[in-house]
Amino acid sequence: MVAGTTGASQSTDADWVARLADEVVAESERRATGKPVVVASGISPSGPIHLGNLREIMMPHLVADEIRRRGIECDHILSWDDFDRLRRVPSTVDPAWAEHIGKPLTAVPAPPGSQHRSWAAHFQAPMEEALARMGVRYRGISQTQMYTSGAYVDQVLLAMRERARIDAVLGRYRTKGPVRAAAPAGATAQEEAAAAAAAEGSGAAAEDDGSTSAGYFPYKPYCSVCDRDLTTVTSYDDQTTEMSYTCACGHAESVLLSEHRRGKLVWKVDWPMRWAYEGVIFEPSGVDHQSPGSSYVVGGQLVSEIFGGEQPIGPMYAFVGISGQAKMSSSKGGVVPTPADALEIMEEFLLRWLYSRRRPAQAFTVAFDADLHRLYDEWDAVERRVAAGTASDLDASSYDRAIRTAAGELPRTPRPLPYRTLASVADITTGDQRQMLRILAETDPQHPIGSLDEVRPRLDRAERWVQTQLPADQRTRLPAEPDRDALDALTDVERGALKLLVDGLGEHWSLDGLSGLVYAVPKLQAGLTADAKPTPELKSAQRAFFALVYRLLIGRDTGPRLPTLLLAAGQERVRALLGG
């Protein structure tokens, strides 16, 4: 730690990250003066690691990064719980993989077609890549490696010697029933699936706590024949460490636990053991870990009573919901989306921002549908306020945590045009690079874009959003020829409105210019000036006018923002389709 910085309060009322960092630094000074601050996350790679799991990593990361910004050494450990058992086989995987249920995740073959060495590695790799892209710095720990190397032998033997005391602690809660993660009231089917996946992947809620007909044993061996944990410990000798077990496969044997490397402590004992072993000061967890009788509550007693450690500061974090995610989920059999999925359609800083701007107890939604356009608009507005020095403390701190870490700034788009504009242009042009450059160059003729590289990677993410999230019936296609029947059926008022629009195209041919023009046409028709304040009647007339133009250009009443659509079509084609 750097002298003169420890314990100094850096927080503001709005900045939850800085407030937690203050608390964690002070607690680390009390427990382990002069040593690096240790914060922790734990993830089981039992299946796709989704955006709800990401909060388990982002909270410690943001706190660790704040501590590092203060010049204090901080170790963010990420335990990969890859020595957990395989609990179930997803519907998207060959049912034959059910023969591996009960084996450690690192001993299960990867799903068909995977290039990875194991089931755990297959699901861990995309998460590692996403974290690297987001600037998340951590020290990964494989629990398979820790257990099989014998790193925890002393802790395992201690737990077995103290099994009666552990059993007594657990016994206080066994009548309370299993704890389940729950989606909030009114959650969608996809949000409920995310909550179920969170419970499945946590290793906490309903796992066997070590009780057997022969007594209580907090250690669960994997069978030396079938490699599954369908085992029951039948006896244990504290002096010799001889342990006997039977397996559902029919195998039975006795081993010396002091030398045994193919097994692990049950979850509710394993977690507090690791808190003490690693000296963890801060580790948040979800609601399924913190209800009465859950692993966090029980672990708080076991870590001190058995392992001689202290429970970490561990705030509970709320649910992360999803809106949209049309094709990605259907193509994966309804699996809830992962950070890698999100980074296909949004920039890294935006995903960081979602996790930094909400307090831990606040639920939030990651948008895969058109709400993503609104979210980008909100981000761009915050960026303007930050640049102008008018941002609130919360906006300024969450913005800063999104765009940079203690190690430096994340890459960003040099010229960030509105995401909704880029998506509309990608949709209208069906990804034609030449046409996209033409249209985007005309959005601001005073400062034309010379290369699409200026608007990347945001343009690439918007293109991907169109490809994966925009339903086919909402795609925009301009007709080759005008709709003569519709043009012949126009009223005189409608013809007059279209003439005002067509006549003004040349003078107003830019995104801002066309925006002003399309709103001005109904005002001018009503004998008002273009800058007249809208009335309810004028707003109704504007909506009717927009619907008219949309019907003539794309055959429906709504579509992309009208100025963008006009730019995409080009002046000549607009005139032809509108009868001008």
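The structure under discussion appears in the preceding block.
Residues numbered from 1 in each chain as written. Predicted model: local features only at pLDDT ≥ 70, side-chain atom pairs only at ≥ 80, totals over all residues. Heavy atoms only, no water.

**Student:** Tell me about the nonpolar core, residues and numbers included.
**Tutor:** Generally speaking, nonpolar side chains in soluble globular proteins are found buried as a group. Ranked by size, the top nonpolar core spans 105 residues in total, and within it Leu 351, Tyr 355, Val 366, Leu 372 and Leu 501 carry the most contacts. Among the elements that make up this core, the one with the highest residue count is helix α2 (residues 51-69) (nine residues). Tyr 355 has contacts with Trp 16, Leu 51, Leu 54, Arg 55, Met 58, Leu 62, Val 320, Phe 364 and Val 366, leaving out every residue within four places of it along the chain. Counting residues in each nonpolar core, the second largest holds 41 residues, with Tyr 147, Leu 170, Val 255 and Trp 275 among its members. (Core = buried A, V, L, I, M, F, W, Y, C linked by side-chain atoms within 4.5 Å. Buried < 20%, exposed > 50% of the residue type's maximum accessible area, 1.4 Å probe, protein only. Helix = DSSP H or I, 4+ residues; strand = E, 2+ residues; numbered from the N terminus. Contact = heavy atoms within 4.5 Å.)

**Student:** Any chance you could break down the pattern of salt bridges for me, citing the residues and the numbers?
**Tutor:** Scanning the model with the defined rule gives 40 salt bridges in all. Arg 69 is paired through a salt bridge with Asp 65; the nearest N and O atoms lie 2.9 Å apart. On the criterion of helical spacing, the pair formed by Arg 69 and Asp 65 is a turn pair, its members being four residues apart in helix α2. The exposure class of Asp 65 is buried, given its relative accessible area of 4%. Across the pair Glu 344 and Arg 464 runs a salt bridge, and its minimum N-O distance is 2.5 Å. Of this pair, Glu 344 sits in helix α12 (residues 339-345) while Arg 464 is found in helix α18 (residues 458-469), placing the two residues 120 residues apart along the sequence. (Salt bridge = Lys/Arg side-chain N within 4 Å of Asp/Glu carboxyl O.)

**Student:** Can you tell me about the packing of helix α21 (residues 511-525) against helix α22 (residues 536-554), naming the residues and giving the values?
**Tutor:** Where α21 meets α22, the closest approach of the two axes is 9 Å, and the angle between their N-to-C directions is 120 degrees. Between α21 and α22, the angle is such that the two are oblique. The element α21 and its partner α22 pack so that their crossing is right-handed. Contact residues: α21 offers Val 518, Tyr 519, Val 521, Pro 522 and Lys 523, while α22 offers Leu 538, Ala 541, Gln 542, Phe 545 and Phe 546. In terms of residue class, the contact of α21 with α22 is built from eight nonpolar, one polar and one charged. (Axes fitted to C-alpha atoms, helices over the stretch in contact; angles between N-to-C directions. Parallel < 35°, antiparallel > 145°, perpendicular 65-115°, else oblique. Left-handed = near helix turned anticlockwise from the far one by under 90°. Nonpolar A, V, L, I, M, F, W, Y, C, P; charged D, E, K, R; others polar.)

**Student:** Outline the packing of aromatic side chains, listing residues and values.
**Tutor:** On inspection of all chains with the given rule, the structure shows 16 aromatic pairs. Considering the side-chain rings of Trp 271 and Trp 275, the 4.8 Å spacing of their centres and the 50 degrees angle between planes classify their relative orientation as tilted. Placement of both Trp 271 and Trp 275 in helix α8 (residues 267-278) is noted, with a separation of four residues, approximately one turn of the helix. You can call Trp 275 buried: its relative accessible area is 2%. A network of ring pairs unites the aromatic residues Phe 83, Tyr 147, Tyr 152, Tyr 222 and Tyr 277 as a single cluster. The lysine or arginine in question, Arg 357, covers the ring of Trp 353, its NZ or CZ lying 4.2 Å from the ring centre. (Phe/Tyr/Trp six-rings, centres within 6.5 Å; stacked < 30°, edge-to-face > 60°. Lys NZ or Arg CZ within 6 Å of the ring centre and 35° of its normal.)

**Student:** Mind laying out the layout of surface pockets, listing which residues take part and the relevant values?
**Tutor:** Taking a probe equal in size to a water molecule and rolling it over the atoms shows the remaining empty space. Of the voids in this model, the second largest pocket is the one considered here, and its volume is about 430 Å³. Per-element tally for the lining of the second largest pocket: the top contributor is helix α16 (residues 419-429), with five residues. Taken together, the residues that form the lining of the second largest pocket break down as eight nonpolar, 11 polar and five charged. (1 Å grid on protein atoms, 1.4 Å probe; cavity = no way out; pocket = protein on both sides within 12 Å on 5 of 7 lines; lining within 4 Å. Points joined across faces, edges and corners; volume = space filled by probe spheres on them.)

**Student:** With reference to specific residues and values, describe the sheet that holds strand β7 (residues 231-236).
**Tutor:** With antiparallel pairing, three strands are arranged side by side in an open sheet as β7-β8-β9. The sheet is open, and its two edges are formed by β7 and β9 (252-256), each paired on a single side. When strand polarity is set aside, the average angle formed by the axes of neighbouring strands in this sheet is 25 degrees. Pairing geometry for β7 and strand β8 (residues 242-247), over five bridges, is antiparallel. The partner of Ser 235 across the bridge, within β8, is Ser 244. (Pairing = 2+ DSSP bridges.)

**Student:** Summarise the packing of helix α13 (residues 348-356) against helix α15 (residues 393-403); cite the residues concerned and give the values.
**Tutor:** At their nearest, the axes of α13 and α15 sit 8 Å apart, and the two run at 140 degrees to each other. Here α13 is positioned oblique relative to α15, judged by the angle of their axes. Helix-helix and strand crossings are classified by hand; for α13 and α15 the assignment is right-handed. Packed against α13, whose contacting residues are Phe 349, Arg 352, Trp 353 and Ser 356, the element α15 presents Ser 398, Tyr 399, Arg 401, Ala 402 and Ile 403 at the interface.

**Student:** Requested: an account of helix α17 (residues 433-441), with residues and values cited.
**Tutor:** The complete set of buried residues in α17 reads Met 436, Ile 439, Leu 440 and Ala 441. The backbone nitrogen of Arg 434 has a side-chain oxygen 3.1 Å away, supplied by the residue at the start of α17, namely Asp 432. (Polar contact = N/O pair within 3.5 Å; in protein donor to acceptor, adjacent residues only side chain to side chain.)

**Student:** Pulling in residues and values, what's your account of empty space enclosed by the protein?
**Tutor:** According to the stated counting rule, one finds four cavities of 30 Å³ or more in the structure shown. For the largest cavity, the calculated volume is near 70 Å³. For the largest cavity, the full set of lining residues is Tyr 147, Tyr 152, Val 153, Val 156, Tyr 219, Leu 257, His 260, Arg 261 and Gly 263. Its residues placed into classes, the lining of the largest cavity shows six nonpolar, two polar and one charged.

**Student:** Tell me about the sheet that holds strand β2 (residues 74-80), and please be specific about residues and values.
**Tutor:** In space, the three strands of this open sheet follow the order β1-β2-β3, with parallel pairing throughout. Of all strands in the sheet, those bounded by a partner on one side alone are β1 (37-43) and β3 (139-142). The average angle at which neighbouring strand axes cross in this sheet is 25 degrees, direction not considered. Of the strand pairs in this sheet, β1 and β2 are connected by seven bridges, and their pairing is parallel. Among the inter-strand pairings, Val 39 is bridged to a residue of β2, identified as His 76.

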